[in-house]
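Okay, here's what each chain looks like letter by letter:
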Amino acid sequence: MPLPLRQTFTYRLPFGLRESVKLGARLLVPFGKRQITGYAVALHARLSEEIEFDETAIKEIVELVDEEPLITPEILRLTQWTADYYASSWGEMLKASLPAGINAGVEQIVTITAKGRDELIKIATATTAKAQILNALAKSSETAARELNNQFGTTVAQRAVRELVKNGWAGTFQRTITSQVKPKRRKSVRLLPPENHRNGNKSLTDAQQKIIETLLASDGELLFTELIETADIGASAINTLAKHGYVEIVVQEVMRDPLKNARLPEKLNLILTDEQTVVLREIETALDGEKYKAFLVHGVTGSGKTEIYIRAMKNALAKGKSSLMLVPEIALTPVFSKRLRAVFGEEVAILHSNLSTGERFDEWRRIRRGQARIVIGTRSAVFAPLEKIGLIIVDEEHDGSYRQHESPFYHGRDVAIVRANFAHAVVVLGSATPALESFHNAHTGKYEYVRLRNRVGNRPMAQAEIVDMRDTFKAFGKDTSFSPELVKALEETHARGEQSIILLNRRGFSQFVLCRSCGEAVRCNNCDITLTFHKREGKLVCHYCNHRERAPRVCPQCKSQYLFFVGEGTEQIEDILKRKFSELRIARVDRDTTAKKKELERILEKFSAGEIDMLVGTQMLAKGHDFPNVTLVGVISVDAGLAMPDFRSSERTFQLLTQVAGRAGRGDLQGRVLIQTYHPEHYALTHACAQNYDAFYAEEIEFRRNLAYPPFVALASILIKHPNYNYAFDNAQILKDCLNNANTGNFCRILGVAPAPLSRLKGEFRLQILVKAANRSKLRELLDFALHDAQEKFCDLKIVYVEIDPVNLL
């Protein structure tokens with residue numbers, strides 16, 4: 001079931017469905033007082049003798065939704081492994097593997113009875129909600145409950161329907177909605193051969209002749225609307241031709257293509273470097289073997305990893321195999337997908353959440369039908385229904401975006417590795433800054449380690465420098481966003497006609513609002529978080545729950561007028577730069593400016609074309625982009641990232657700096673990176689400046705070893721969330737006691753119960769328990785036993801969220 005339940009349910013198949021149901025099919029089943037759509041994961045000829053069943057309690061399947069299952073046997077197996085490994089619900093994982101809009105739903109239908117029609121005659125002039133709803137039901141044979149809710153209000157409609165059913169004046173039943181999205185169909189005009197013509201010897205009008213010529217120039221067929229626009233004629237001329245047998249008008253399915261009208265890059269005939277050739281040969285040899293093999297491609301930024309990926313895909317395609325490429329950010333998908341479309345044409349399909357529901361539906365169907373054998377997408381694309389998969393590529397494999405942070409939890413990179421293993425395929429993990437766990441796995445022999453130490457064309461790495469903001473503070477006597485060094489570097493860069501990128505991984509105008517009289521900061525009503533000021537909107541916004549309120553003129557606590565707007569975000573940095581460099585064309589890239597569909601793509605294309613001089617943005621700018629004319633990258637501050645209460649904060653800061661530094665100097669010009677900080681001695685910053693991953697790894701791995709964090713232990717984070725703190729704490733304490741009872745051999749270390757670093761979000765208090773174990777099997781054994789025991793002791797597991805291998809502990 002697509003519910004947060006870690007178990008399966010047994011139902012009886014009606015005789016008429018026994019030969020029709022296949023594994024992976026969706027079925028409408030009774031569940032409690034409602035009907036929901038579940039997924040068939042096993043079929044039994046008879047009940048197991050090992051388990052006692054009350055046969056009379058077994059309910060019957062209501063309806064088969066899919067004659068042909070949407071979920072393939074491979075995806076069924078993969079989702080089962082994923083749900084088991086991450087202690088998630090298999091049903092929720094199956095639902096997540098399908099594109100939005102395709103999952104079947106159930107709606108309640110309300111009908112009027114004969115008794116109700118009799119009653120309506122008696123109360124025809126009444127104005128009560130019951131009378132009005134009864135009158136609405138009489139006008140239609142079947143009415144969806146949601147329509148009544150929209151018309152009369154949910155509370156009023158639901159109460160009235162209950163009373164009508166109770167009195168016998170109305171009846172209800174449930175109906176399956178197989179899909180919320182349908183194939184797109186359009187009228188098309190098609191030329192017919194001369195033997196079909198039926199107009200005698202009459203000559204064609206000019207408009208009709210123009211239609212024939214336009215169709216001949218378009219291979220004999222065009223969409224109805226396109227023909228009208230292209231030939232510049234009216235619909236009547238087309239209809240007349242159809243009547244006389246010159247053309248036929250048909251309704252056909254039109255695929256919604258995310259790359260329709262997109263400008264594709266030119267195909268480049270690149271010559272591989274010696275390093276690229278060696279790495280590609282290793283991957284191709286593994287593809288020839290048709291056995292599972294995992295590679296970690298550790299290549300500096302600009303070393304040409306993408307070209308290796310494309311050539312490896314060509315090799316897989318030539319062998320009759322399909323390929324899957326995962327990228328961490330939606331921002332990177334247009335860049336890569338256009339390049340892949342230019343090389344592979346219609347073989348490429350795209351899957352990510354920024355597509356419209358219809359586009360995602362059509363792309364998924366092309367994959368399922370085998371019409372697309374190369375898929376590129378974000379983490380959910382790991383469940384794409386590709387057949388004969390031979391190659392999986394995970395670009396920027398270190399990126400935290402591959403982690404699903406809501407139930408069902410999973411990590412796209414790790415699921416990709418398992419999928420490759422199941423399919424006897426090759427998986428390539430690529431990064432300039434590999435995750436510590438991946439680098440450790442390469443050192444222990446789990447992955448084949450290959451390295452690209454040099455940029456293509458032997459271009460030098462950007463020169464990175466640390467700017468000590470303590471000296472700037474001494475010089476100016478106050479905090480300032482820009483050091484003199486960065487301002488001077490920007491002036492020199494743009495005087496040469498080159499471009500720059502300014503990074504600050506914090507959106508908004510000011511970080512928070514502080515009262516200088518009472519010291520209180522303005523906080524979110526739903527979260528234990530200060531609100532961020534967004535100047536353009538004139539509002540304070542919570543970046544967790546999206547609560548918005550007007551910026552106050554006086555302190556909400558003491559009514560003082562002395563409010564202080566503290567810290568800066570990308571909006572303020574953009575503002576300052578536009579005042580300092582009024583002659584420059586400056587654009588901002590963050591979640592606020594790219595909310596509109598394809599807006600990010602538009603900004604990046606303009607920057608690439610030289611129509612924008614400077615980009616200001618968050619980490620969206622840090623990865624994967626190739627702008628040859630960018631020679632300067634300025635990092636306003638990374639100190640907030642270093643201060644996060646999370647064991648990965650240093651690693652994430654090092655990765656962000658290394659990645660953003662890689663955007664500079666990718667053309668023929670020398671790049672430069674300036675990093676402003678109040679902590680210039682921190683090893684993450686010094687090693688990032690030196691572009692020295694090995695030195696950073698050596699230092700960071702010792703911290704992990706000494707403090708018992710991954711990769712040296714298996715880690716689970718358990719969050720207990722509820723609006724009532726006492727209820728959450730009581731349940732957390734029951735679970736903690738069960739964990740302690742299960743830990744008989746002290747194989748695991750249990751920390752907590754304690755408030756999570758973000759102790760309240762979206763109206764819920766958050767309590768955390770951390771469990772560390774020397775090996776994964778002991779961790780799972782402990783968790784499974786403790787969760788079962790907690791359920792027996794009436795712990796509310798609906799408020800318990802178990803995350804295996806968490807990427808952050810906030």
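None of the values given here were measured: they were computed from a predicted structure.

J.: Summarise the sheet that holds strand 22 (residues 532-534); cite the residues concerned and give the values.
T.: Adjacent strands of a sheet pair through backbone hydrogen bonds, lying either parallel or antiparallel. With respect to topology, three strands assemble into an open sheet ordered 22-23-24, the strand pairing being antiparallel. Two strands close off the open sheet at either side, each with one partner strand: strand 22 and strand 24 (548-550). On average, each strand axis in the sheet is inclined to that of its neighbour by 35°, with strand direction left out of account. Pairing analysis gives three bridges linking strand 22 to strand 23 (residues 539-541), with the strands arranged antiparallel.

J.: Break down the side chain of T493 for me, citing the residues and quoting the values.
T.: When you line up the elements, T493 lands in helix 17 (residues 484-495). Non-local contacts of T493, meaning those with residues more than four positions away in its chain, are made with E498, Q499, T631 and L632.

J.: How would you explain unusual backbone geometry if you had to name every residue and give the values?
T.: With an omega of 5°, the peptide bond between S407 and P408 qualifies as cis. Position of P408 among the secondary structure elements: in the loop between strand 15 (403-404) and strand 16 (410-411). Here G752 and V753 are connected by a cis peptide whose omega angle stands at 15°. Tracing the backbone shows V753 in strand 31 (residues 748-761). Phi angles above zero are rare outside glycine, and H424 is one such case at about 55°.

J.: Account for the sheet that holds strand 31, with residues named and values stated.
T.: Taking strand neighbours across the sheet as the criterion, the four strands line up as 31-32-30-33 in an open arrangement whose pairing is antiparallel. Since the sheet does not close on itself, it has two edges, and those belong to strand 31 and strand 33 (800-804), each with one partner. Across the sheet, the mean angle from the axis of one strand to that of its neighbour is 20°, orientation sign disregarded. In this sheet, strand 32 (residues 764-773) lies alongside strand 30 (residues 714-722) in antiparallel orientation, the contact comprising nine bridges. Directly across from I718, in strand 32, lies its bridge partner I769. Helix 24 (residues 725-742) rests against strand 30, strand 31, strand 32 and strand 33 of the sheet, and its axis sits at about 10° to strand 32.

J.: Requested: an account of the pattern of salt bridges, with residues and values cited.
T.: Proximity of charged atoms lets side chains of opposite charge pair with each other. Across all of its chains, the model carries 53 salt bridges by this definition. Where E307 meets R339, a salt bridge forms, and the shortest distance between an N and an O atom there is 2.7 Å. In this pair, E307 is assigned in helix 11 (residues 305-318) and R339 in helix 12 (residues 333-344), connecting sequence segments 32 residues apart. Here E307 falls in the buried class, since its relative accessible area comes to 10%. The exposure class assigned to R339 is partly exposed, which follows from its relative accessible area of 26%. Salt-bridge contacts for D575 lead to K535; the nearest nitrogen and oxygen are separated by 3.4 Å. Taken as a pair, D575 in helix 18 (residues 570-580) and K535 in the loop between strand 22 and strand 23 lie far apart in primary sequence, 40 residues in all. Of the residues examined, K535 reaches a relative accessible area of 45% and is grouped as partly exposed. One connected set of salt bridges, linked through shared partners, spans R536, E574, K578, R588 and D590.

J.: Explain the side chain of E396 to me, and be specific about the residues and the numbers.
T.: Note that E396 resides in the loop between strand 14 (389-395) and strand 15. For E396, the side chain forms a polar contact with the side chain of Q659, separated by 3.2 Å. If near-sequence neighbours (up to four positions away) are discounted, E396 is found in contact with P328, Y402, G430, S431, K623, G624 and Q659.

J.: So what's going on with the packing of helix 8 (residues 224-231) against helix 9 (residues 235-243)? Residues and values would help.
T.: Where helix 8 contacts helix 9, the two axes come as close as 10 Å, and the packing angle between them is 115°. The way helix 8 lies across helix 9 gives a crossing that is right-handed. For the pair formed by helix 8 and helix 9, the contact residues are F224, L227 and I228 on the first element and A235, I238 and N239 on the second. Residue composition of the contact of helix 8 with helix 9, by class: five nonpolar, one polar and no charged.

J.: Give a description of the environment of K293 that names residues and reports values.
T.: If you trace the backbone, K293 turns up in strand 10 (residues 293-299). Residue classification places K293 among the partly exposed residues on the basis of a relative accessible area of 32%. Sequence-wise, K293 and I283 are 10 residues apart; in three dimensions their C-alpha atoms are separated by 8.9 Å. What K293 contacts, discounting residues up to four positions off in sequence, is A286, A425, V426, V427 and E448.

Rules used in this analysis
- Residues numbered from 1 in each chain as written.
- Predicted model: local features only at pLDDT ≥ 70, side-chain atom pairs only at ≥ 80, totals over all residues.
- Heavy atoms only, no water.
- Pairing = 2+ DSSP bridges.
- Helix = DSSP H or I, 4+ residues; strand = E, 2+ residues; numbered from the N terminus.
- Axes fitted to C-alpha atoms, helices over the stretch in contact; angles between N-to-C directions.
- Contact = heavy atoms within 4.5 Å.
- Salt bridge = Lys/Arg side-chain N within 4 Å of Asp/Glu carboxyl O.
- Buried < 20%, exposed > 50% of the residue type's maximum accessible area, 1.4 Å probe, protein only.
- Polar contact = N/O pair within 3.5 Å; in protein donor to acceptor, adjacent residues only side chain to side chain.
- Left-handed = near helix turned anticlockwise from the far one by under 90°.
- Nonpolar A, V, L, I, M, F, W, Y, C, P; charged D, E, K, R; others polar.

On their own, these measurements won't tell you what the molecule is for.
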